[in-house]
Amino acid sequence: GNSVTQMEGPVTLSEEAFLTINCTYTATGYPSLFWYVQYPGEGLQLLLKATKADDKGSNKGFEATYRKETTSFHLEKGSVQVSDSAVYFCALSRASGNTPLVFGKGTRLSVIA
Amino acid sequence: DTGVSQDPRHKITKRGQNVTFRCDPISEHNRLYWYRQTLGQGPEFLTYFQNEAQLEKSRLLSDRFSAERPKGSFSTLEIQRTEQGDSAMYLCASSWPGLAGNEQYFGPGTRLTVT
């Protein structure tokens, strides 16, 4: 079946540090891949997405590239801010599209000034 | 457009009672999803609708759970004879097939505590 594996947290970084959160997936075909973010006390928000191999999703300084050969979709940011402190979820939807999302367990990021 | 809304935001109930949650999707979205999220875990799929038709149910959706979307707009999720293991955040999301890659927009969730 489809599944998503994320690096376990929590991750604690100093402001302006480089961030990588690893995400790998198992799926048949070509799923769409997503990163969602959950800020403290708020609902899930879509951060970025990629719908086909080698696509790069980007938003708010975050980037992730859909790597079919390594079945990965790692999240990166060059310089994190305190306001980036949140829980980040990697997710996929089945290749047929418009189907339920399969989420990873989430990675909590804390950025300290 | 005010986004996906859920009501109530919090519900505390005693074991054995029935509870019902409501979700109002983004108005032009015809797909509506229910997920459950427990502490320290990612959301897990429960069921979803296209318009009023329930297209898929997860094995997590025991026979104590029922969901409806009678007019293809808002949806309700009912849990009968609640158990302590039902304590979780219940999330609703909606999407429109025209959105590339199936972007789903989530509501704030309903936090259920079963005592």
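Scroll up for the structure.
Residues numbered from 1 in each chain as written. Chains lettered and ligands numbered in written order. Predicted model: local features only at pLDDT ≥ 70, side-chain atom pairs only at ≥ 80, totals over all residues. Heavy atoms only, no water.

Undergrad: A description of the state of the cysteines should follow, citing residues and the corresponding values.
TA: Tallied over the entire structure, the rule returns 2 disulfides over all chains. Each sulfur in the disulfide pair cysteine 23 of chain A and cysteine 90 of chain A lies 1.9 Å from the other. Given an S-S torsion of about -70°, the disulfide between cysteine 23 of chain A and cysteine 90 of chain A has left-handed geometry. Remark: cysteine 90 of chain A occurs in strand β10 (residues 86–93) and cysteine 23 of chain A occurs in strand β4 (residues 23–26); sequence separation between them is 67 residues. Judged by relative accessible area, which is 1%, cysteine 90 of chain A ranks as buried. Between the sulfur atoms of cysteine 23 of chain B and its disulfide mate cysteine 92 of chain B the distance is 1.8 Å. Across the disulfide from cysteine 23 of chain B to cysteine 92 of chain B, rotation about the S-S bond amounts to roughly -70°, and the bridge is consequently left-handed. Taken together, the residues span a long stretch of sequence, with cysteine 23 of chain B in strand β3 (residues 19–24) and cysteine 92 of chain B in strand β9 (residues 88–95) at a distance of 69 residues. Judged by its relative accessible area of 0%, cysteine 23 of chain B is buried. (Disulfide = S-S within 2.5 Å. Helix = DSSP H or I, 4+ residues; strand = E, 2+ residues; numbered from the N terminus. Buried < 20%, exposed > 50% of the residue type's maximum accessible area, 1.4 Å probe, protein only.)

Undergrad: Outline the packing of aromatic side chains, supporting the account with residue identities and numerical values.
TA: For the structure on display, the rule yields 14 aromatic pairs over all chains. With a centroid separation of 5.9 Å and 90° between ring planes, the pair formed by phenylalanine 103 of chain A and tyrosine 35 of chain B is classed as edge-to-face. With phenylalanine 103 of chain A in strand β11 (residues 101–103) and tyrosine 35 of chain B in strand β4 (residues 31–37), this pair bridges two chains. Residue phenylalanine 103 of chain A shares its accessibility class with tyrosine 35 of chain B, and that shared class is buried. Connected via pairs of aromatic rings, a cluster forms that spans Phe34, Tyr36, Phe89 and Phe103 of chain A together with Tyr33, Tyr35, Phe45, Tyr48 and Phe106 of chain B. (Phe/Tyr/Trp six-rings, centres within 6.5 Å; stacked < 30°, edge-to-face > 60°.)

Undergrad: Before we move on, can you summarise the interface of chain B and chain A with the specific residues and values?
TA: Taken residue by residue, the interface counts 23 residues in chain B and 20 residues in chain A. Carbon and sulfur atoms make up 50% of the area that chain B and chain A hide from each other, which totals about 1600 Å². Our count for the contact surface shared by chain B and chain A stands at 1 salt bridge. In this structure, lysine 49 of chain A engages glutamate 103 of chain B in a salt bridge whose closest nitrogen and oxygen atoms are separated by 2.5 Å. Those elements that provide at least two residues to the side of chain B that touches chain A are β4, β5 (44–50) and β9 of chain B. Residue contributions to the side of chain B that touches chain A peak at 4 residues, all from β4 of chain B. (Contact = heavy atoms within 4.5 Å. Buried area = accessible area lost by both parts, 1.4 Å probe. Salt bridge = Lys/Arg side-chain N within 4 Å of Asp/Glu carboxyl O.)

These figures come from the coordinates and say nothing about function on their own.
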